[in-house]
Amino acid sequence: MGIQTHAVSGMQARAVSGTQPPLKLVTASVPTCPAVRLSNGVEMPMVGFGTSFFPEGRCEPETVWEALPKALKAGIRHIDTAHMYQNERHIGDMLGRKMEAGELSRSQIFVTTKVGHPPKPLLLEPSDGETSYMLDPSQDAGEGLLKQFRGCLRRLGLGYVDLLLIHWPGPYLGQQNAELNKQKRIQMWAAMEEIYEARLARSIGVSNFTEEHLKDILPGCKVKPHVNQIEMHPFLTQSSLKAFCANHGITLTAYSPLGGGRVPVLAEEPAITDAAASLKASPAQIILKWLMQQGVVVIPKSSSIERMQQNLAAACLPDLSEEQMEQIEALDEGLHTGRDPNIIA
């Protein structure tokens, strides 16, 4: 895949140079996690903690109060949040307390946040209407994104983030407003480049962008996206988009890596269970290993410290065979368990 990974002690997220050492096993005393080196040299831990909690469609940011301390105790140092999740303040407060107590340093954590999600009805709008710039022709989307990002830093209590993403390529309006959406994407990416050049984000990227969405911004960009965060699992292998991103040096991050609501069905597939038996691992670990072996970062969600530890340990499993990788790839159904970004013009 042309993507290099290596173990980063303490999950230190900083650009380094030189020969990369081989993967090391996770230990209880000094947590380590393989990292992927982004196209700009920044190292991104391959196992993160997803903080999107929307039971029954309602945002419940308070869930992170219980879950994040478990993730940190398990050894996870890559935290994935978003303005839309309404928990940036919670995460910033907890990380700040850990730093104050000397239990963490800023260089040991990798924080991703996101701006630019489609506006929602007033009562379900988690960003106080701050993303209306994505829909309103009279608003400059670049200015709107910059304002929203300043709020992210304020809530997180950080001077910079390790990765900033545009959360969605446009509103959920089907094929309406195609030209307006393209214009907005170009404006937003120009603002992302300003943030990157000001060193307020160590890396920048997109989320839920299809090949067509990426083609809108790539020709005129000064800095190519370092990351594209997409739904990806054995029922949605994203092979075409994966190849396109690889050709442009864009690293993939998989959300819902275990198949979202299809987890029980996916975990019973013979391709998964047979590989799990051969490596003495759980089906979930096999799925995560299958993704990471392709150079894909994973951000599974869990409130169980045992599962979090298992997620980290999956990175250190022996490699799956070529046959096992192909058998899992063959499970593809093109199944989106969340919103399908292909409907966004």
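As a starting point, this report considers the structure included with it. As the structure is a computational prediction, the values presented were derived from the model and not from experiment. (Residues numbered from 1 in each chain as written. Predicted model: local features only at pLDDT ≥ 70, side-chain atom pairs only at ≥ 80, totals over all residues. Heavy atoms only, no water.)

Let's shift gears to the sheet that holds strand β11 (residues 297-298). Strand order in the open sheet formed by 8 strands is β4-β5-β6-β7-β8-β9-β10-β11, with parallel pairing between adjacent strands. Each having just a single partner strand, β4 (49-50) and β11 make up the two edges of the open sheet. (Pairing = 2+ DSSP bridges. Helix = DSSP H or I, 4+ residues; strand = E, 2+ residues; numbered from the N terminus.)

Counting 91 residues, the largest nonpolar core has F49, L68, L145, L164, L214 and I286 as the members making the most contacts within it. If you tally residues by element for this core, the top one is helix α3 (residues 141-156), at 7 residues. With near-sequence residues (within four places) excluded, F49 lies in contact with A67, L68, A71, I76, H78, I79, D80, I299, P300, S302 and M308. (Core = buried A, V, L, I, M, F, W, Y, C linked by side-chain atoms within 4.5 Å. Buried < 20%, exposed > 50% of the residue type's maximum accessible area, 1.4 Å probe, protein only. Contact = heavy atoms within 4.5 Å.)

Taking 1.5 Å per residue as the helical rise, helix α2 (residues 88-100) with its 13 residues ought to reach 18 Å, and the 18 Å between its terminal C-alpha atoms agrees with that figure. Buried residues of α2: E88, H90, I91, G92, M94 and L95, and no others. On its buried face, α2 sits against α1 (63-74), β5 (78-80), β6 (110-115) and α3. The positive-phi residue at the C-terminal boundary of α2 is G102, with phi of around 75 degrees. (Expected span 1.5 Å × (residues − 1).)

Counting through the fold element by element, T131 comes out in the loop between β6 and α3. The class for T131 is buried, based on a relative accessible area of 0%. Reaching out from T131, the side chain makes a polar contact with the backbone oxygen of H117 at a distance of 3.1 Å. (Polar contact = N/O pair within 3.5 Å; in protein donor to acceptor, adjacent residues only side chain to side chain.)

Moving on: the packing of aromatic side chains. Here the structure, examined in full by the defined rule, presents 0 aromatic pairs. Over the face of the ring belonging to Y160 we find R106, whose NZ or CZ atom lies 4.1 Å from the ring centre. (Phe/Tyr/Trp six-rings, centres within 6.5 Å; stacked < 30°, edge-to-face > 60°. Lys NZ or Arg CZ within 6 Å of the ring centre and 35° of its normal.)

Now for the environment of V47. Relative to the helices and strands, V47 is located in the loop between β3 (43-45) and β4. In the structure, V47 is positioned 251 residues away from V298 in sequence and 5.2 Å away in space, judged by C-alpha atoms.

Attention now goes to the side chain of H233. Within the element layout of this structure, H233 appears in the loop between β9 (227-231) and α6 (239-247). According to the relative accessible area criterion, H233 is buried, its value standing at 0%. Reaching out from H233, the side chain makes a polar contact with the side chain of E231 at a distance of 2.9 Å. In contact with H233, other than residues within four places in its own chain, are S256, P257, G259, W290, L335 and T337.

This paragraph deals with helix α8 (residues 270-279). Listed as buried for α8 are A271, I272, A275, A276 and L279. The buried residues of α8 all sit within an arc of 130 degrees when viewed along its axis, so they share a single face. Away from its buried face, by an angle of more than 90 degrees, α8 presents the exposed residues D274 and A277. (Arc of directions from axis to C-beta.)

Here we come to the pairing of strand β7 (residues 163-166). Residues of β7 alternate between two faces, with L163 and L165 on one and L164 and I166 on the opposite face, all of them buried. Alignment of β6 against β7, held across 4 bridges, turns out to be parallel. By the bridge assignment, T112 is partnered in β7 with L163. Relative to strand β8 (residues 204-207), β7 runs parallel, the two being bridged by 3 bridges. Note that in β8 the partner of I166 across the bridge is V206.

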